[in-house]
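Each chain is listed here by its residues.
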Amino acid sequence: MDHYLVYGNPIKQSKSPFIHTAFAKETNQNIEYKSQLAELGEFEQTVKLFIKGGGKGANVTAPFKEEAMAMCDELSEHAQFSGAVNTLTFKNGKIYGDTTDGVGLVSDLLSQNVQLENSRILLLGAGGASKGVVLPLLHQKPKHLTIANRTVSKAETIAQQYANQPITAMSFEDANKQEFDLIINATSAGLTGNGVPISETLISNNTACYDMTYGKSLTPFLQMATKQNAKQIIDGLGMLVGQAAESFYLWRGVRPETSKVLNELRKELNQ
Ligand code: ATR
């Protein structure tokens, strides 16, 4: 049996053991996947102990994604661009790092029939969550990708990473004057109960609205989308399952079916 872990601090809330255990059952993979709390300042030594004990791979969540990146021998293109790693693979004495959040987001958007190719996309926020999804979104060939952030310089730093790509950084105020087909909230504003500072007139029945976070009730951004009768209103639960599916694929070479797990998580969330 191969062993996998997810590290974080805190970690109790993680749904990854449930998701990966369901994937393993569905694809007949003989693995065990558990969560483990890593103490702050002890992440690297904790992972190295797991490798010594024969661990095959690990997921990494807050606040260790940058530390995980620093300990890798090789990084995928996605990890290099996002500056963070959420998936570690231990093979032939080496540590490989990847980040699957962006692929998870794109696969969820596509599975919900959100048009990405040739679309005008607005990404709200320029923190870690935003950085991790830019490259996979650009791979879908949008008409343009606009990153708006309260601190505009952070959005500019991200945009500058992508030469010759249709990507622009701007303030919320400037974004409010444009038109978009898809708005993705990657700010952490909702976690503190705050809405995002965009004008509600940006959202019409032609706009798809996606929030990378999720919860029992709609986030303030999705409440605004509902009020504006947005074309599609989607929270980040599918992205969570999508990123897990991509990690599972990297480790096991098999693509799990995601809809059943997603339905179960949705049911649990609504209880
Ligand atoms: P994460 O890893 O979740 O992206 P982060 O790196 O701390 O977390 O980034 C948080 C993002 O949410 C940033 O883009 C932040 O804007 P600033 O860069 O200007 O700080 C954004 N954010 C947080 N609270 C916000 C609020 N109330 N209104 C608008 N943006 C907010």
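Residues numbered from 1 in each chain as written. Predicted model: local features only at pLDDT ≥ 70, side-chain atom pairs only at ≥ 80, totals over all residues. Heavy atoms only, no water.

1. Observations regarding the overall build of the protein
Stage number 1. When its secondary structure is counted, the protein shows 12 helices and 12 strands.
Stage number 2. Along the first, second and third principal axes, the C-alpha set of the protein runs to 55 × 40 × 30 Å.
Stage number 3. Long-range pairs, those at least 24 residues apart, make up 67% of the contacts in the protein with a sequence separation of at least 6.
Stage number 4. Accessible surface, the protein: about 13200 Å² in total, of which carbon and sulfur atoms supply 47%.
Stage number 5. Taking the 25 positively charged and 27 negatively charged side chains of the protein as two groups, their mean positions are separated by 3 Å. (Helix = DSSP H or I, 4+ residues; strand = E, 2+ residues; numbered from the N terminus. Contact = heavy atoms within 4.5 Å. Areas by Shrake-Rupley, 256 points an atom, 1.4 Å probe, with all protein chains shown as cover. Lys, Arg positive; Asp, Glu negative; His and termini not counted. Charge placed at Lys NZ, Arg CZ, Asp CG, Glu CD.)

2. Structural notes on the domain arrangement of the protein
Stage number 1. Taken domain by domain, the protein consists of domain 1 (2–99 + 239–270) and domain 2 (102–235).
Stage number 2. The gap between the C-alpha centroids of domain 1 and domain 2 is 25 Å.
Stage number 3. At the junction of the two partners, domain 1 supplies 14 residues and domain 2 supplies 19 residues.
Stage number 4. Summed over both sides, the interface between domain 1 and domain 2 buries roughly 1400 Å², with carbon and sulfur atoms accounting for 60% of that surface.
Stage number 5. Contact with domain 2 buries area across many residues of domain 1, yet Phe-81, Met-239 and Leu-269 alone supply 46% of it, more than any other trio.
Stage number 6. The interface formed by domain 1 and domain 2 holds 1 salt bridge in total.
Stage number 7. One salt bridge in this structure joins Arg-266 and Asp-235, with 2.8 Å as the shortest N-O distance.
Stage number 8. For the pair domain 1 and domain 2, the number of links is 4 residue pairs in polar contact (both at pLDDT 80 or more).
Stage number 9. Those elements that provide at least two residues to the side of domain 1 that touches domain 2 are α4 (77–82), α11 (237–252) and α12 (259–270).
Stage number 10. Broken down by class, the residue content of the side of domain 1 that touches domain 2 amounts to 4 nonpolar, 6 polar and 4 charged. (Domains from an automatic or database assignment. Buried area = accessible area lost by both parts, 1.4 Å probe. Salt bridge = Lys/Arg side-chain N within 4 Å of Asp/Glu carboxyl O. Polar contact = N/O pair within 3.5 Å; in protein donor to acceptor, adjacent residues only side chain to side chain. Nonpolar A, V, L, I, M, F, W, Y, C, P; charged D, E, K, R; others polar.)

3. Quick notes on helix α8 (residues 152–160)
Stage number 1. For α8, the set of buried residues is Ala-155, Ile-158 and Ala-159. Down the axis of α8, the buried side of the element spans an arc of 100°, and every buried residue falls inside it.
Stage number 2. Those residues of α8 hidden inside the fold are in contact with α6 (128–131), α7 (134–139), β8 (144–148) and β9 (167–170). (Buried < 20%, exposed > 50% of the residue type's maximum accessible area, 1.4 Å probe, protein only. Arc of directions from axis to C-beta.)

4. As for the environment of Tyr-214
Stage number 1. Tracing the sequence through the fold places Tyr-214 in the loop between β11 (208–211) and α10 (220–227).
Stage number 2. With 20 residues separating them along the chain, Tyr-214 and Ile-234 place their C-alpha atoms 9.0 Å apart.
Stage number 3. The contacts of Tyr-214, once residues within four sequence positions are left out, are Lys-15, Asp-235, Gly-236, Leu-237, Leu-240 and Leu-269.

5. Some points on the sheet that holds strand β5 (residues 87–91)
Stage number 1. Taken in spatial order, the 6 strands line up as β2-β1-β3-β5-β6-β4 in an open sheet, and their pairing is mixed. Each end of this open sheet is capped by a strand with a single partner; those strands are β2 (31–37) and β4 (74–75).
Stage number 2. On the sheet, helix α2 (residues 43–52) packs against β1 (2–8), β2, β3 (57–60), β5 and β6 (94–98) and is oriented at approximately 170° with respect to β1.
Stage number 3. Against the sheet, α11 makes contact with β1, β2, β3, β5 and β6, and its axis sits at roughly 10° relative to β5, the strand it touches most. (Pairing = 2+ DSSP bridges. Axes fitted to C-alpha atoms, helices over the stretch in contact; angles between N-to-C directions.)

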